Amino acid sequence: MAEHGTDEPSSRTGSPDGEGQVLEDRSLLHQRLAVRELIDTEVSYLHMLQLCASDIRSRLQQLPQGDLDVLFSNIDDVIEVNNRFLHDLQETESREEEQVHLIGNLFLKFQEELEQVYKVYCASYDQALLLVEAYRKEPELQRQIQGIIETVVPQAGPSGLSFLLVIPLQRITKYPLLLQKILENTVPDASAYPVLQRAASALQDVNTNINEYKRRKEVASKYTKVEQLTLRERLARLNTHTLSKKTTRLSQLLKQEAGLVPKTEDKEFDDLEERFHWVSLCVTEMKNNMAVYLDNLEAFLRFRPQEYDLDIPGGPVVQYCSLMRELQLQAFPQFKQRLEGLVWQPLCSLAKALAGPQNLIKKRLDKLLDFERVEEKLLEAGSVTYEEQEARHTYQALNSLLVAELPQLNQLAMHWLGQILCTFVGLQRDLAKHVLQRAEGSLAQLPHSHISEPAFRKLVEDTLGQTGHQLRSFRKNLDKVLPPPATQPLLPGAERQVQALLSRYGPEKLYQVTSNISGAGTLDLTLPRGQIVALLQNKDTKGNSSRWLVDTGGHRGYVPAGKLELYRVTPSQEEVRGQEWPHKDSRHLTPEPTPAPVSSVPVVTQVVAVYPFVARSSHEVSLQAGQLVTVLEAQDKKGNPEWSLVEVNGQRGYVPSSFLARAPSPAPWGWSLPS
């Protein structure tokens, strides 16, 4: 009885220990199964990625390379990271006792790399799906793609490409679940438990960051599109909602400028934006300079003096012509082709790549105004609508994306620009080397080839000095024998305009256009030969003295300074400043003496049509450029000098006065040409 009583307590105290041991063994078994699932699924996953990158991608040759880049994105980077991750994961199997601890540390080690490669892949996933949907609308192409995928991966089924493309997304979201499963089967007081906790939390953060990055990219892609819309298309997009938003932003901006509300300051972004602005300015300036360089190169290639008969027999001229023909056929065209391919095209691509970020920075300002308004309302009312909350999140996403990526973009753009400059210098060096090699044989035959370099330099300087002296002497003699330049005749109908400019600016500011000017830029003027203008400033906003700011009496803009000459005002014009002429036309009326009475028959004048004109009614008459025209009346019936009554080939009618110019014939009595 005593022995039985002794055994009973022992049995009761051992039973909980046995149950605990069973539970611990069961947890350990489940933990090992979870670890095995992690490793086995990682092997299968990596094998599937390699099939996509090698077999499937290489067989989809019927798709453009651009489509393949979107579909498979950075899958090679994903494979590289996961391959190293799997290798380290399999090495933990040799250390079974601390395997779980090592797995936790392994995930923490690869946390940043996994986030970097998977966020890029996930951000391009939606675009890949759009391509897949586009392929489904082409039955023949879809059948070919499906056949390739079923051959390589039979388990893909009818989903095809969609099944393969979503695999990396599923894998990165499954890592926290696999770690959580291992953690649930780990004893809380085990040394691996806190490490696994940190690893599970870290992988959860990775997924959160990937989702946030994907959302930012979606917002950015919406606003980086640069659309070339006509005025009608812009007006068609206007609606009540758009006008309301623009009005609210303008109101917010005006309140900030007036100091009624504070303005959000972000020095970090402002510094990045300023640097980006300078990078963009450098790219634009270099592109403009390169365009001018290519134009000059094209003009140089068109100029071929070696093809003309210089009437200089033998000697260096023949050698020069032979060398230039050879260079014009090979060296210079090859240089131009390389310049366009290696410098111009990359430069245009860089400028195009910066257009999207520029648009995004502009859109950020709009969203900042929305954000500030919502923040004010949130402080005052304590709540905002769903739409206002979305506007707030949109600004935060745009700002975070720009702050995160503008440094890399600035650095990449500067590196790209530096490479283009180095390439340009290299092409110049290659051209010089090529020309010297081609000219080596010809140089040996020149009369001064035996002279040393210092002596040759002195010879060139002496020759240039002597030639320059001769040229200056010739110019002085030429100036003595040449008559002073004559002022161009005024355009018909320009008398009133000249008088207005004369009274406003004075004679010392008046210039006349010596040849036709075609404006190329937005602020450039297009003016005909003979137009009178007033000088406002003898340089442009960049300090360029070859572009002058002028006033035509109706428009202001820039013209080349080389196409202007000082207008010499005739005494008759000086006398009539501030007076009203009874006849308003383009000719100078001389003060009439008191002649004998003349008949009232209108005075006729022979002029030339400067531009062609097509009659639009029976009251008008058509003209051809260069046609002789007889002016019957220098105004219409209402006295408007902008229209003249003329006779052409026996037909009478009205034509614009500005289309006519004085013919080189003696002027009738009562009219005088500018001296």
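Given the structure is predicted, the values throughout are model-derived calculations rather than measurements.

Examining helix 2 (residues 65-72)
- All of the buried residues along helix 2 are D67, L68, L71 and F72. Around the axis of helix 2, the buried residues are gathered within 110° of arc, so they sit on the same side.

Structural notes on the packing of helix 4 (residues 99-123) against helix 8 (residues 167-184)
- Axis separation between helix 4 and helix 8 bottoms out at 11 Å; the angle between their running directions is 160°. Between helix 4 and helix 8, the interaxial angle falls into the category roughly antiparallel. Crossing of helix 4 over helix 8 shows left-handed handedness. Of the residues in helix 8, those in contact with V100, I103, F107, L114, Y118, Y121 and C122 of helix 4 are P168, L169, I172, Y175, L179 and I182.
- Residues of the contact of helix 4 with helix 8, tallied by class, amount to 13 nonpolar, no polar and no charged.

Some details on the confidence of the model for the protein chain
- Mean pLDDT over the protein chain works out to 80, with 83% of the residues at or above the 70 mark.
- Here residues 1-13 scores under 50 on pLDDT; set against residues more than four positions off or in separate chains, the count is zero contacts.
- Predicted confidence is poor over residues 665-675, with pLDDT under 50, and the contacts of this stretch with residues over four places away or in other chains come to 29 contacts.

Looking at the sheet that holds strand 1 (residues 510-513)
- Spatially, the five strands line up as an open sheet ordered 4-3-2-1-5, and their pairing is antiparallel. Strand pairing shows two members of the sheet lacking a second neighbour, strand 4 (556-560) and strand 5 (564-566), which therefore form its edges. Strand-to-strand, the axes of this sheet are offset by a mean angle of 50°, without reference to chain direction.
- Taken together, the three bridges between strand 1 and strand 2 (residues 532-537) define a ladder with antiparallel strand orientation.

Section: the packing of helix 2 against helix 5 (residues 125-136)
- Packing of helix 2 against helix 5 brings their axes to within 8 Å, and their N-to-C directions diverge by 125°. Classified by the angle their axes make, helix 2 and helix 5 are oblique. Classified by chirality, the crossing of helix 5 by helix 2 is left-handed. Between helix 2 and helix 5, the residues in contact are D67, V70 and L71 and Q127, A128, L131, V132 and Y135, respectively.
- When the residues that make up the contact of helix 2 with helix 5 are grouped by side-chain class, the tally is six nonpolar, one polar and one charged.

Here we look at the environment of D524
- You can see D524 is positioned in the loop between strand 1 and strand 2.
- Using a relative accessible area of 23% as the deciding quantity, one classes D524 as partly exposed.
- Note: C-alpha distance between D524 and V550 (26 residues apart in sequence) is 10.0 Å.
- Leave out the neighbours within four places in its chain, and D524 touches G519, R547 and Y558.
- There is a polar contact of 2.6 Å between the side chain of D524 and the side chain of R547.

Cut-offs and rules
- The written sequence of each chain sets the order in which its residues are numbered from 1.
- In keeping with the predicted nature of the model, local features appear solely for residues at pLDDT of at least 70, side-chain atom pairs appear and are counted solely at 80 or more, and the whole-chain, interface and lining totals rest on all residues.
- In computing side-chain properties, one takes all heavy atoms of the structure into account and sets aside hydrogens as well as water.
- For every residue, the accessible area (1.4 Å probe, protein chains only) is compared with the maximum for its type, and the residue is labelled buried under 20%, exposed over 50%, or partly exposed between those bounds.
- A run of H or I in DSSP counts as a helix once it spans at least four residues, and a run of E counts as a strand once it spans at least two, with each numbered from the N terminus.
- By definition, the arc is the one covered by directions from the helix axis to the C-beta atoms.
- Axis geometry follows a simple rule: fit a line to the C-alpha atoms, using only the stretch in contact for helices, then measure angles between N-to-C directions, giving values from 0 to 180 degrees.
- Roughly parallel covers angles under 35 degrees, roughly antiparallel covers those over 145, roughly perpendicular covers 65 to 115, and oblique covers all other angles.
- Note on convention: near helix rotated counterclockwise from far helix by under a right angle means a left-handed crossing. Clockwise means right-handed.
- Residue contacts follow a heavy-atom distance rule, with two residues in contact if any of their heavy atoms lie within 4.5 Å.
- Note that Gly is not counted as nonpolar here; it falls among the polar residues with everything else outside the nonpolar set of Ala, Val, Leu, Ile, Met, Phe, Trp, Tyr, Cys and Pro and the charged set of Asp, Glu, Lys and Arg.
- Confidence of the predictor at the level of single residues is given by pLDDT, which spans 0 to 100.
- In this scheme, strands are said to pair when DSSP sees at least two bridges between them.
- Within 3.5 Å is the distance limit for a polar contact, defined as a pair of N or O atoms, with the added protein rule that one can donate a hydrogen and the other accept it, and that residues adjacent in sequence qualify only through two side-chain atoms.

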